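Summary of structural features
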Amino acid sequence: MPAAPSALQGSFDVAVIGAGVIGCAIARRFTLEGARVAVIEKAPDILDGASKGNSAILHTGFDAPPGALETACIAEGYAEYLEIHDKLGLPLIRAGALVVAWTEEEEALLPALIQQARDNGVADIAPLSAAETRALEPGLGAGVRAGFRVPREYLIDPWSAPHAYLLQALANGATLLRGCEVTGGGFDGAMWRLETTRGPLSAGIVINAAGLYGDRIDARLIGHSDFTIRPRKGQFIVYDKPAAALATHILLPVPSKITKGIVVCRTAFGNLIVGPTAEDQDDRETAALVPETLAALRARGEEILPALAGQDVTAIYAGLRPASEFKDYQIRAHAGLNYVTVGAIRSTGLSSALGTARHVHRLCAEFGHQRTPLGAPVWPQVTGISEYARRDWQCPGNGGIVCHCERVTRREIEAALSGPLAAQSLAGLKRRTRVTMGRCQGFYCSAALAALTKGRLTQPMAEAEDDR
Amino acid sequence: MTGDLPGFADVVIVGAGPAGLAAAAELKARGVGSVLVLEREAQAGGIPRHCGHSPFGMREFHRLLRGPAYAARLLARAQAAGALVKTGVTVTALHPGSGLSVASAGGLRQITARRVLLCTGVRESTRAARLIGGTKPGGVLSTGALQGMVHLQALRPFRNPVVLGTELVSFSALLTCRHLGIRPAAMIEPGPRVTARRPAGLLPRLQGVPLLRNTSITAIEGRDRVTGVSLQTADGARRRLACDGVIVTGGFRPEAALVRDSHLTMDPATGGPVVDQFGRCSDPAYFAAGNLLRPVETAGWSWNEGRIIGRAIAESLGDEVPDFAQNMKIELQGDVLKYILPQTLSACPAPAALRHFQLRVTRPARGRLILRVNGEVVLSRALSALPERRITLPLNALPAGAEGVAELSFEDGPA
Ligand SMILES: Cc1cc2nc3c(=O)[nH]c(=O)nc-3n(C[C@H](O)[C@H](O)[C@H](O)COP(=O)(O)OP(=O)(O)OC[C@H]3O[C@@H](n4cnc5c(N)ncnc54)[C@H](O)[C@@H]3O)c2cc1C
Ligand SMILES: Cc1cc2nc3c(=O)[nH]c(=O)nc-3n(C[C@H](O)[C@H](O)[C@H](O)COP(=O)(O)OP(=O)(O)OC[C@H]3O[C@@H](n4cnc5c(N)ncnc54)[C@H](O)[C@@H]3O)c2cc1C
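Residues numbered from 1 in each chain as written. Chains lettered and ligands numbered in written order. Predicted model: local features only at pLDDT ≥ 70, side-chain atom pairs only at ≥ 80, totals over all residues. Heavy atoms only, no water.

Under an unreviewed UniProt entry, the name given to chain B is Thioredoxin reductase, and the organism recorded is Actibacterium naphthalenivorans.

The name an unreviewed UniProt entry gives chain A is Glycerol-3-phosphate dehydrogenase, with Actibacterium naphthalenivorans as the organism.

**Remarks on the overall build of chain A**
The number of helices and strands found in chain A is 11 helices and 22 strands. The C-alpha atoms of chain A give a radius of gyration of 22 Å, which matches the 23 Å a tight globule of 468 residues would have. Projected onto its principal axes, the C-alpha coordinates of chain A cover approximately 65 × 60 × 45 Å. Every one of the 468 residues in chain A was classed for burial, and the buried ones make up 60%. In chain A, the share of contacts with a sequence separation of at least 24, taken over all contacts with a separation of at least 6, comes to 73%. (Helix = DSSP H or I, 4+ residues; strand = E, 2+ residues; numbered from the N terminus. Rg over C-alpha atoms; globule rule 2.2 N^0.38 Å. Buried < 20%, exposed > 50% of the residue type's maximum accessible area, 1.4 Å probe, protein only. Contact = heavy atoms within 4.5 Å.)

**As for the domain arrangement of chain B**
Residue and element names in this part refer to chain B. The domains assigned to chain B are domain 1 (1-124 + 252-323), domain 2 (128-248) and domain 3 (325-415). A straight line from the C-alpha centre of domain 2 to that of domain 3 covers 35 Å. Counting residues at the interface gives 5 residues for domain 2 and 5 residues for domain 3. Buried surface at the junction of domain 2 and domain 3, summed over both partners, amounts to about 390 Å²; 49% is from carbon and sulfur atoms. Among the residues of domain 2 in contact with domain 3, Arg193, Thr195 and Arg197 are the three that bury the most area, contributing 86% of the side total. At the surface where domain 2 touches domain 3, the tally comes to 0 salt bridges. In this assembly, domain 2 and domain 3 are joined by 2 residue pairs in polar contact (both at pLDDT 80 or more). Residue composition of the side of domain 2 that touches domain 3, by class: 2 nonpolar, 1 polar and 2 charged. (Domains from an automatic or database assignment. Buried area = accessible area lost by both parts, 1.4 Å probe. Salt bridge = Lys/Arg side-chain N within 4 Å of Asp/Glu carboxyl O. Polar contact = N/O pair within 3.5 Å; in protein donor to acceptor, adjacent residues only side chain to side chain. Nonpolar A, V, L, I, M, F, W, Y, C, P; charged D, E, K, R; others polar.)

**Some points on the domain arrangement of chain A**
All names here are of chain A. In terms of domains, chain A is made up of domain 1 (11-53 + 159-228 + 326-367), domain 2 (92-156 + 230-321) and domain 3 (392-453). With 13 residues of domain 1 at the contact, the number on the domain 3 side is 10 residues. In total, about 1,000 Å² of surface goes out of reach between domain 1 and domain 3, with carbon and sulfur atoms giving 59% of it. At the junction of domain 1 with domain 3, the criterion picks out 1 salt bridge. Note that Arg432 and Asp45 form a salt bridge whose closest N and O atoms lie 2.8 Å from each other.

**Observations concerning the UniProt feature "domain: BFD-like [2Fe-2S]-binding" (unreviewed entry) in chain A**
Within the UniProt annotation, "domain: BFD-like [2Fe-2S]-binding" (unreviewed entry) is assigned to residues 401-452 of chain A. Within residues 401-452 of chain A, the helical portion is 42% and the strand portion 10%, while the C-alpha atoms at the span's ends are 13 Å from each other. (UniProt positions renumbered as here; feature names shortened; annotations may be inferred.)

**A few points about the interface of chain B and chain A**
Interface size is commonly expressed as the accessible surface area that is lost when the partners come together. On the side of chain A, 52 residues touch chain B, which itself brings 50 residues to the contact. Note on chain B versus chain A: buried area summed over both sides is about 4,100 Å², and carbon and sulfur give 54% of it. If you look at where chain B meets chain A, you find 6 salt bridges. With a closest N to O distance of 2.8 Å, Arg223 of chain B and Glu285 of chain A form a salt bridge. Counting the contacts that link chain B with chain A gives 16 residue pairs in polar contact (both at pLDDT 80 or more). Here the residues of the side of chain B that touches chain A are counted per class, giving 18 nonpolar, 17 polar and 15 charged. As judged from the 2 bridges shared by strand β22 (residues 463-464) of chain A and strand β10 (residues 155-156) of chain B, these two strands associate in the antiparallel manner. Following the sheet pairing, Ala464 of chain A is matched in β10 of chain B by Leu155 of chain B. (Pairing = 2+ DSSP bridges.)

**Quick word on the sheet that holds strand β15 (residues 228-233) of chain B**
Residues and elements named next belong to chain B. Strand order across the open sheet formed by 4 strands is β8-β14-β15-β16, with mixed pairing between neighbours. Here the strands that pair on one side only, and so sit at the sheet edges, are β8 (133-134) and β16 (238-242). Here strand β14 (residues 215-221) runs beside β15; their pairing, made up of 6 bridges, is antiparallel. Looking across to β15, one finds that Ile220 is bridged to Val229.

**A look at the nonpolar core**
Among the nonpolar cores identified, the biggest contains 86 residues, and Ile26, Tyr165 and Leu166 of chain A are the most heavily contacted of them. Inspection of this core shows a minimum of three residues originating in each of domain 1 (11-53 + 159-228 + 326-367) and domain 2 (92-156 + 230-321) of chain A. For Tyr165 of chain A, the residues in contact, after removing those within four places along its chain, are Val21, Cys24, Ala25, Arg28, Tyr81, Ile84, Leu88, Leu90, Ala353 and Leu354 of chain A. Judged by nonpolar contacts, the second largest core, of 66 residues, contains Val37, Leu100, Ile313 and Cys348 of chain B. (Core = buried A, V, L, I, M, F, W, Y, C linked by side-chain atoms within 4.5 Å.)

**Observations concerning helix α8 (residues 299-317) of chain B**
Over its 19 residues, α8 of chain B extends 27 Å from the first C-alpha to the last, a length consistent with the 27 Å expected when each residue adds 1.5 Å. Burial runs high along α8 of chain B: 16 of the 19 residues are buried. (Expected span 1.5 Å × (residues − 1).)

**Quick look at the confidence of the model for chain B**
With 97% of its residues at a pLDDT of 70 or more, chain B shows a mean pLDDT of 94. Both confidence scores are given for the complex: pTM 0.97, ipTM 0.97. (pLDDT = per-residue confidence, 0-100.)

**Section: the sheet that holds strand β12 (residues 186-188) of chain B**
Residues and elements named next belong to chain B. Pairing within the open sheet is parallel, and its 5 strands lie in the order β9-β17-β11-β12-β13. Where the open sheet ends on each side, the last strands, each with one partner, are β9 (140-142) and β13 (211-212). For strand β11 (residues 161-164) and β12, the ladder comprises 3 bridges, and the chain directions are parallel. Residue Leu164 lies in a different strand from β12, and its bridge partner there is Ile188. Packed onto the sheet, helix α4 (residues 143-153) meets β9 and β17 (245-248) and runs at close to 90° relative to β9. With respect to the sheet, helix α5 (residues 168-180) is in contact with β11, β12 and β17, its orientation differing from that of β11 by roughly 160°. (Axes fitted to C-alpha atoms, helices over the stretch in contact; angles between N-to-C directions.)

Laid out in structure tokens, this is it:
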């Protein structure tokens, strides 16, 4: 429901621009630390930018650059996720990763990688021979030369995690403004006044977590940006659930300078994905799927796991990494301006978000932001939609299954359409429930879903037949 | 709802489409004690529920019906015969020896049966499975989803879509559009010719819809809603066509997730379970009928299969069809023959339920079909066929009581 521009009520301690995984985690951290937070998101729903599509790996940071800010944020974010996931109802699939060398050159890089992992504090790693690698993953194709296992690389749900972070912020007093784009603003030495498409808003501190638009927001609000975003596209193929039986580990290639390379891993939803590619582009909006690239991904997937050849493709998707000319995160506190840029969180933001949020909070403390942390914060639970945990369809009173492939119940859909973080788009509803995301892609349930969501989405799935 | 679900039935049928409902009526007519049909949708009837057009029912009811009326009659007949039809119940797992896990609004529970008949039908393949590029806006639908929106919910998902495909079902998509009072921007066929038989191929012209052959969709455009498609012709020429929806039709695949996740043997060629001439699966307590067996046949054909396989099940309960090993496997040679059904034959004196082998070809084929048993030619027959068209071969082309391996091949040449 695009609200007309109006004076937004109230003034906040902190305004977070952008509700990607980073903005959601920052909103949570500042709320728990006692601040009054507003989260401002231009899209009708949260997670509409870089956080829309990723590999959903909870990285240990074993292959991150030693000493980098990114590496520290990953370590801290990883640790906090392990600590809080149960309390928020978030899944954790302890898959472990297997780095596999397929060529002589890759094999030669392994010792350095293992050393790098140890330098990054990931010590539980031992080199594996070809036979040992294959013993761990018998489905691997021909040509495995060596490898090593990273036992604590895990899989999570890319969407329920940020949802839970923001839900906890909202349950403890934060405000979410969706469909609200920041168009400008200024700092008067004490307070920020932000101009948005829904009216002005004032805040003590502004945090730019605008992802693919981080540089643009900097330019708009503080007159310049220290980096330029150049989106890096990653395309994926999702295989149907039987394919998940083909590999236990997250199968990682030996990373190159530019990318972590083509990964094969399960998903929290019980599927198996192959991807991502790494393709630089100028377009910040469109992550276009390219048939030839998808075919190549398929072929690569079948080299890694030959049994993939007989498996059905359930879905295809692509995401955009907010990459910049720098390798590391671009996080800067502009002290005189009460402004923090949290930019270029390129390819590890899901893992680092909770740690990045803590880092940003510490930066703000440096320029005088100090509140009393909440004594007994509320811990709302998200509905678990991991295939590796009990699902609603197995429980009484679920209202019946609506989406048959993903076994999404009416109760789950109703829950996702209500509450403080109610889905407002079909895409948002999918991220919360998985509805229509299975093998039939809506063949069976679109009609029932269109009826169920009638009048409740900003972009309806369909209009009444007699509305001519 | 689950409270009044019996925990046992002589025969449980999974899926209340034409095949399942026909089998239910037949089983009751043959005196089987308890017949329970489980259907996951809120309404029984299967695909015809949302086929707003005719012709359905000539063979079954000797009259011309639209899909929904046909579905209602099939249900009424099964219920009148004494079958118990439960909707809103999803079978989630098949266990050896005919135990089923079922889910409903009440949660999860188990049901046992002496025989289980699987009739879960077919669906169309997706945009993702076809690796069609571009973005992922709203308004990309299968024919089935479109029909459901229009005929079950009185909703209209778009006003100016394109139709991808020229199978029979693609023309149903055109009819559904006509019902909505909208005219598709184009009908798009990657191949050189319309897949469906005449007279369906005349429909686009009648509706004033341009038919683009040798053309594929390389990308779908739009952020929230479809705004257009990129097209490429066989000679490499590209162009853009504005539209607000894409109907991705046909490319049928059996809805076989349940079978695939079970102990039953699958046939990768049909995408359904391996069956013998009685429709019996690799676990003799399980049978299958209807379009789950293969892509794709008509409602009438599926209905008839439900009936004759239902009869075979009734006889198996009376022990007239004894349990025995499946002793002959039919293998396809080369890449012209796409699938064959049944895939195995059991040594059994009882008359077969399926009297014909059903075949399809992968490309237009003109030549000879040759059947060999243990290396010896037992049949050589002229064949001239197009993809997606029904081809049958009498089961008795195989010598009675033959054992071993039968091989079917196709050789190009003068028919
Ligand atoms: C292909 C791929 C694979 C990946 N795999 C992994 C992985 O396995 N593990 C991992 O940890 N990470 C992974 N990542 C990285 C992770 O997804 C990103 O680091 C993370 O999503 C970045 O989040 P963000 O919040 O910074 O940006 P975004 O998600 O882009 O959030 C920014 C938000 O700001 C909003 N916004 C922009 N401008 C304005 C404005 N003017 N006013 C209001 N709102 C505005 C946007 O709409 C958007 O919602 C992957 C990324 C990709 C693309
Ligand atoms: C979009 C579309 C349009 C078609 N149009 C025509 C047409 O115009 N004319 C024609 O002759 N044929 C048409 N067909 C072919 C159609 O398959 C047959 O008409 C016929 O419906 C096949 O009958 P069936 O009983 O095998 O399967 P279906 O009619 O598909 O019935 C299968 C039933 O099983 C249920 N089911 C599936 N899995 C489970 C489970 N796990 N638990 C419980 N229930 C389950 C389904 O909900 C469904 O009701 C069309 C097919 C499609 C996909």
